[in-house]
Amino acid sequence: MGDRVDEIMALAKSRNTADRERLLIRLVDMCNQSADDLRTPRVQALLSQVFFDLVFQAEYDIRLRLAENIASADWAPSGLINILAFDDIEIARPIIARSPILEDPDLIRLLVEATLEHQIEVARRPDISAKVVEAILSAGRPEVMTALAGNEAAKVSEDHLYELVQKAEEVASLRTPLAEHPRLNDELAGYLYAWVGAALQKSLATRFELNTKALDAAVAVSVQQAKAGGAKLQTLQPEESEEERRDRQLVAKLDMSGQLRPSYLVKALKEKRVSLFVTALAALGRFEAPAVRKAVNGTTAESLALACASIGVDRTVFPSLLALLRETNNGLPGGNDEGDRRAYQAFAQTNPKSAATLFRKATSES
């Protein structure tokens, strides 16, 4: 090793083009030595001094050979690794894929400043962290997100997967890798079911034992609403608040997966989330959210009772549900003993279909 270092230092002093190419070749060959030898102070000083000057002037095939040889090295100078990571994609690819020197800030910088091909390689890198995943999702480039969806080793959380499933509505290339993702669960599979074709629907239904009858019905309702120009749970309204947006997304996920049930209304109120209660009740009854909000904030509880009766809320549960709502919603809906008695009667006097019709009529009147 000592003789090789002396030879490299002698070549480094030469300005001859041939000598400089020989120098880089010697450095590449030296990379195959043991890591302990390469960590000696003398060799590290040599690497830092020589690499940077040479890498800018070396021929493509020399830089490629260098990148392939040091891609997995934990002793390589950080500055050199970052330079190679921004090089032509064939040179950068092994560095981005394998270098332990690249840290989250380096990878995020590639996502911001490098070409689309470099960004795709970052998304394919094994074990990328949640921070890098979030940067990819924040940028929202379809090709990069598709590469991420196919990266089973990435630190992708359930929330990240949910965001990817949402984007699959518009980005068709996401659907197949998401359908095959090992961390997809039954809730997300039910949501993804709406966006994929028949073959993937069959695969998801088999893998997760989905209730395809309920899912097909939910998809059919969404299609009908879209054709009629009606409101869709997935449509962001201009006046929608951030809280309402999150609630809408959560309810849509539960609805599409067949997990949204009347009992969820009580859960929402116990968490003191009136907006979530409104969104869930609207989805369960296929009502307009403003109509449900009108009932929730009304002067009596009769309209609310009709909405709850239409979706199968048990008559014995409604009084406690109403009490929870009033406690959370500043005493609304209002009313007195007589008004509440009439509200309770809605459960005995109407069937679900009639209750839904009466609710829509009551909330449409000014």
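Residues numbered from 1 in each chain as written. Predicted model: local features only at pLDDT ≥ 70, side-chain atom pairs only at ≥ 80, totals over all residues. Heavy atoms only, no water.

Topic: the overall build of the chain
Filter applied, for reference: Only DSSP runs of H or I with at least four residues qualify as helices, and only runs of E with at least two residues qualify as strands; both kinds are numbered from the N terminus onward. Only protein chains enter the accessibility calculation, which uses a 1.4 Å probe; a residue is then buried when its area is under 20% of its type maximum, exposed when over 50%, and partly exposed in between. Each accessible area is a Shrake-Rupley estimate made with a 1.4 Å probe; only the visible protein chains count as cover when residues are assessed.
Of the regular secondary structure elements, the chain holds 24 helices and zero strands. Within the chain, the fraction of its 366 residues that count as buried is 46%. Carbon and sulfur atoms make up 49% of the accessible area of the chain, which totals about 18,100 Å².

Looking at the side chain of Ser303
As a reminder of what qualifies: Pairs of residues are marked as contacts when any of their non-hydrogen atoms sit within 4.5 Å.
Structurally, the position occupied by Ser303 is in helix α21 (residues 302–310). Accessibility expressed as a relative area gives 17% for Ser303, which makes it buried. Contacts of Ser303, omitting those with residues within four sequence positions, involve Ala295, Phe359, Ala362 and Thr363.

Observations concerning the confidence of the model for the chain
The line we're drawing: One confidence number per residue, pLDDT, is output by the predictor and ranges from 0 to 100.
Scored by pLDDT, the chain has a mean of 82; 78% of the residues are at 70 or more. Counting interchain partners and residues more than four positions distant, the pLDDT-below-50 stretch residues 230–239 has 21 contacts.

As for the nonpolar core
This is how it is decided: Here, nonpolar core refers to any group of buried Ala, Val, Leu, Ile, Met, Phe, Trp, Tyr and Cys residues whose side-chain atoms link them within 4.5 Å.
Core analysis: the biggest nonpolar cluster contains 60 residues, and Ile70, Ile95, Ile136, Leu148, Leu178, Leu192 and Leu204 have the highest contact counts within it. Counting residues per element, this core draws most heavily on helix α11 (residues 142–149), at five residues.

Topic: helix α18 (residues 263–270)
Regarding α18, the residues found buried are Tyr264, Leu265, Val266, Ala268 and Leu269. Just downstream of α18, Lys272 is the residue with a positive phi angle, here 60°.

As for the side chain of Ser129
Following the sequence through the fold, Ser129 ends up in the loop between α9 (116–124) and α10 (130–139). Filtering out sequence-adjacent residues up to four positions away, Ser129 remains in contact with Asp104 and Lys155.

Quick word on the packing of α18 against helix α19 (residues 274–285)
The criterion, for reference: With axes taken as lines fitted to C-alpha atoms, and helix axes fitted only over the stretch in contact, angles between N-to-C directions fall between 0 and 180 degrees. Here the angle decides the label: under 35 degrees means roughly parallel, over 145 means roughly antiparallel, 65 to 115 means roughly perpendicular, and every other value means oblique. Polarity classes work like this: nonpolar for Ala, Val, Leu, Ile, Met, Phe, Trp, Tyr, Cys and Pro, charged for Asp, Glu, Lys and Arg, and polar for all others, with Gly in that last group.
Axis separation between α18 and α19 bottoms out at 9 Å; the angle between their running directions is 170°. When the axis of α18 is compared with that of α19, the two are roughly antiparallel. Counted together, Tyr264, Leu265, Ala268 and Leu269 of α18 and Leu276, Phe277, Ala280, Leu281 and Leu284 of α19 form the full contact between these two elements. Across the contact of α18 with α19, the residue classes break down as nine nonpolar, no polar and no charged.

So, the packing of α18 against helix α22 (residues 318–328)
Each pair of packed helices can be summarised by the angle the axes make with each other and by the distance between the axes. Selection rule: Crossing handedness is read from the near helix: turned anticlockwise from the far helix by less than a right angle, it gives a left-handed crossing, and turned clockwise, a right-handed one.
Where α18 contacts α22, the two axes come as close as 9 Å, and the packing angle between them is 30°. Of the possible angle classes, the one that applies to α18 and α22 is roughly parallel. Handedness of the crossing formed by α18 with α22: left-handed. Contact residues: α18 offers Leu265, Val266, Leu269 and Lys270, while α22 offers Leu321, Leu324, Leu325 and Thr328. When its residues are assigned to classes, the contact of α18 with α22 shows six nonpolar, one polar and one charged.

Quick notes on the environment of Ala252
Structurally, Ala252 is set in helix α17 (residues 242–256). When the C-alpha atoms of Ala252 and Ala280 are compared, they prove to be 8.7 Å apart, with 28 residues separating the residues in sequence.

As for the packing of aromatic side chains
Operational definition: Each Phe, Tyr or Trp ring (for Trp, its six-membered ring) is paired with any other whose centre lies within 6.5 Å, and the angle between the two planes then decides the class: stacked below 30 degrees, edge-to-face above 60, tilted in between.
Under the definition given, this model contains five aromatic pairs. With a centroid separation of 4.4 Å and 45° between ring planes, the pair formed by Phe287 and Phe359 is classed as tilted. Placement of the pair is Phe287 in the loop between α19 and α20 (289–296) and Phe359 in helix α24 (residues 352–364), with a sequence separation of 72 residues. The class for Phe287 is buried, based on a relative accessible area of 9%. Connected via pairs of aromatic rings, a cluster forms that spans Tyr162, Tyr191 and Trp195.

Focus: the pattern of salt bridges
Note the threshold: A pair is scored as a salt bridge if a Lys or Arg side-chain nitrogen falls within 4 Å of a carboxyl oxygen belonging to Asp or Glu.
What the rule picks out here adds up to 15 salt bridges. When the shortest N-O distance is used, the salt bridge between Lys267 and Glu271 registers 2.7 Å. Lys267 gets classed as partly exposed once you look at its relative accessible area, which sits at 39%. Glu338 is the salt-bridge partner of Arg342, the closest N and O atoms lying 3.5 Å from each other. Of this pair, Arg342 and Glu338 both sit in helix α23 (residues 337–349), four residues apart, roughly one helical turn. On the basis of relative accessibility, which here comes to 37%, the residue Glu338 falls in the partly exposed class. Where salt bridges share partners, they join Glu90, Arg93, Glu121 and Arg124 into one cluster.

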